[in-house]
Amino acid sequence: MEQKIRILWITQTAVLIALLIVLQAASMPLNNSLVTGSIVNLLLIISVMTCGLPAGLCVAVVSPVLARFFGIGPLWSLIPFIAAGNVVLVVLWHFIRNRSMGGKKYKARLAALFIAAFAKFLVLYVGIVRIAIPLFLEISEKQAAVISNMFSIPQLVTALTGGGFAFLLIPRLKKAMGGEK
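Every value quoted in this text rests on a predicted model; they were computed, and no experiment measured them. Sequence order sets the numbering: in each chain, residues are counted from 1 along the sequence as written. Residues qualify for local features only when their pLDDT is at least 70, as the model is predicted, and side-chain atom pairs are given and counted only at 80 or more; totals for whole chains, interfaces and linings, by contrast, use all residues. Calculated side-chain values reflect all of the structure's heavy atoms, with hydrogen atoms and water omitted.

Colleague: Would you mind going over the packing of aromatic side chains with me for this structure?
Modeller: For any pair of aromatic rings, the description consists of the separation of the ring centres together with the inter-plane angle of the planes. Two aromatic rings from Phe, Tyr or Trp, using only the six-membered ring of Trp, form a pair when their centres are within 6.5 Å; if the ring planes differ by under 30 degrees the pair is stacked, by over 60 it is edge-to-face, and anything between is tilted. Here the structure, examined in full by the defined rule, presents three aromatic pairs. When the centroid spacing of 5.1 Å and the interplanar angle of 70° are considered together, the rings of F69 and W76 count as edge-to-face. Between buried and exposed lies partly exposed: a residue is buried under 20% and exposed over 50% of the maximum accessible area for its type, with that area taken using a 1.4 Å probe on protein chains only. Given a relative accessible area of 59%, F69 falls into the exposed group. The interplanar angle of 45° and the centroid separation of 5.8 Å between the aromatic rings of F118 and F121 together place this pair among those described as tilted. Of this pair, F118 and F121 both sit in helix α5 (residues 105–135), separated by three residues, roughly a single helical turn. Relative accessible area serves as the criterion here: at 42%, F118 is assigned to the partly exposed category. Each helix is a run of H or I in the DSSP string that is no shorter than four residues. Each strand is a run of E no shorter than two, and both are numbered from the N terminus.

Colleague: When you look at helix α4 (residues 79–97) in this model, what are you seeing that I'm missing?
Modeller: Structural remark: α-helix, 3.6 residues per turn; residues separated by three or four positions point the same way. Its 19 residues place the ends of α4 27 Å apart at the C-alpha level, agreeing with the 27 Å of an ideal helix rising 1.5 Å per residue. Where α4 is concerned, the buried positions are I79, F81, I82, A83, G85, N86, L89, V90, W93, I96 and R97. We call two residues in contact whenever any of their non-hydrogen atoms come within 4.5 Å of each other. Where α4 is buried, its residues meet α2 (33–51), α3 (53–69), α5 and α7 (153–177). Every helix has an expected span of 1.5 Å times one less than the residues it contains.

Colleague: When you look at the packing of α3 against α4 in this model, what are you seeing that I'm missing?
Modeller: When two helices pack together, their arrangement is given by the angle between the helix axes and by the axis-to-axis distance. It is the contact of α3 with α4, at a shortest axis distance of 9 Å, that shows an interaxial angle of 160°. Our classification of the angle between α3 and α4 gives roughly antiparallel. Handedness of the α3/α4 crossing: right-handed. Every residue of α4 that contacts α3 at L53, G56, L57, A60, V61, S63, P64, V65 and R68 is listed here: I79, I82, A83, N86, V87, V90, V91, H94 and F95. We call Asp, Glu, Lys and Arg charged. Ala, Val, Leu, Ile, Met, Phe, Trp, Tyr, Cys and Pro are nonpolar, and the rest, Gly among them, are polar. Residues of the contact of α3 with α4, tallied by class, amount to 13 nonpolar, four polar and one charged. The convention used is that axes are lines fitted to C-alpha atoms, helices contributing only their stretch in contact, and that angles between N-to-C directions extend from 0 to 180 degrees. We call two directions roughly parallel when the angle between them is under 35 degrees, roughly antiparallel when it is over 145, roughly perpendicular when it lies between 65 and 115, and oblique otherwise. In this scheme the handedness of a crossing depends on how the near helix is turned from the far one: anticlockwise by less than a right angle means left-handed, clockwise means right-handed.

Colleague: Would you mind going over the confidence of the model for the chain with me for this structure?
Modeller: One rule of thumb: low pLDDT means the predicted coordinates there are not for detailed reading. Residue-level pLDDT values for the chain average 88, and 95% of them are 70 or greater. pLDDT measures the predictor's confidence residue by residue and takes values from 0 up to 100. Element-level mean pLDDT values for the chain span from 87 in helix α1 (residues 2–27) up to 95 in α4.

Colleague: How should I be thinking about the layout of surface pockets in this particular structure?
Modeller: To find leftover empty space, a probe the size of one water molecule is rolled over the atoms. Only protein atoms enter the 1 Å grid used here. Points where a 1.4 Å probe fits but cannot escape make up a cavity, open sets with protein on both sides within 12 Å along at least five of seven lines make up a pocket, and a residue lines them when an atom lies within 4 Å of a point. Grid points are joined across faces, edges and corners, and a volume is the space filled by probe spheres set on the points. If you add up the space inside the largest pocket, you get close to 740 Å³. Taken together, 33 residues line the largest pocket, and the ones lying closest to its centre are S33, I72, P74, M150 and F151. Each residue belonging to the lining of the largest pocket can be placed in one class, and the counts come to 17 nonpolar, 15 polar and one charged.

Colleague: In this structure, what is going on with the nonpolar core? I would like to understand it.
Modeller: Within soluble globular proteins, side chains that are nonpolar tend to cluster in buried spots. Among the nonpolar cores identified, the biggest contains 29 residues, and L44, I45 and W93 are the most heavily contacted of them. Elements that contribute at least two residues to this core include exactly α1, α2, α3, α4, α5 and α7. When residues in this core are grouped by element, the largest group, nine residues, is from α2. Look past the residues within four positions of W93 in its chain and what remains in contact with it is I45, V48, M49, R109, A112, L113, A116, G163 and I170. By size, the runner-up hydrophobic cluster in this structure holds 12 residues, among which are L78, L124, A144 and F151. In this text, buried Ala, Val, Leu, Ile, Met, Phe, Trp, Tyr and Cys residues form a nonpolar core when linked through side-chain atoms within 4.5 Å.

Colleague: Quick question: what am I supposed to make of the pattern of salt bridges here?
Modeller: One speaks of a salt bridge when a side-chain nitrogen belonging to Lys or Arg is within 4 Å of a carboxyl oxygen belonging to Asp or Glu. Considering all chains together, one arrives at one salt bridge under this definition. Salt-bridge contacts for E2 lead to R6; the nearest nitrogen and oxygen are separated by 2.7 Å. Residue E2 and its partner R6 are both found in helix α1; the two are separated by four residues, about one turn of the helix.

Right, here's the structure in full:
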């Protein structure tokens, strides 16, 4: 039985990573990072909420690396910061989602939505805008301004948007999948 559970976990995680990469690639021609980022955050949250923390962490860390291999990700030097932001989002959703907040799960999920989105935004903003760009990246001021803009308020917007869609979809997904993880 344990072998079947392990195979199911590997399969679910691989499908989520593949889905994330395909949706990123499909949304790239729109040239709209708000759409792409919202999709990424939605799938990160769905992965942890439907398949558990190990799957969510795997998707959070592996997806930016694979995206870069496929030419749809950021600079290699930014991937550790992006993975860290993804991990923060996933971990906070995992630990906040099931807290008892007046007996209402939707309150815990709302708290997860706002806290995790803000925490991911902070990790990305501080890590990339305040640390990576001034200390590690040798890029022009114009490139620095573009990257700084990408990893500031738009990250909060995409985390909130993806989280909002996840908030609406998760109860339906869990029902379809047969219960809580």
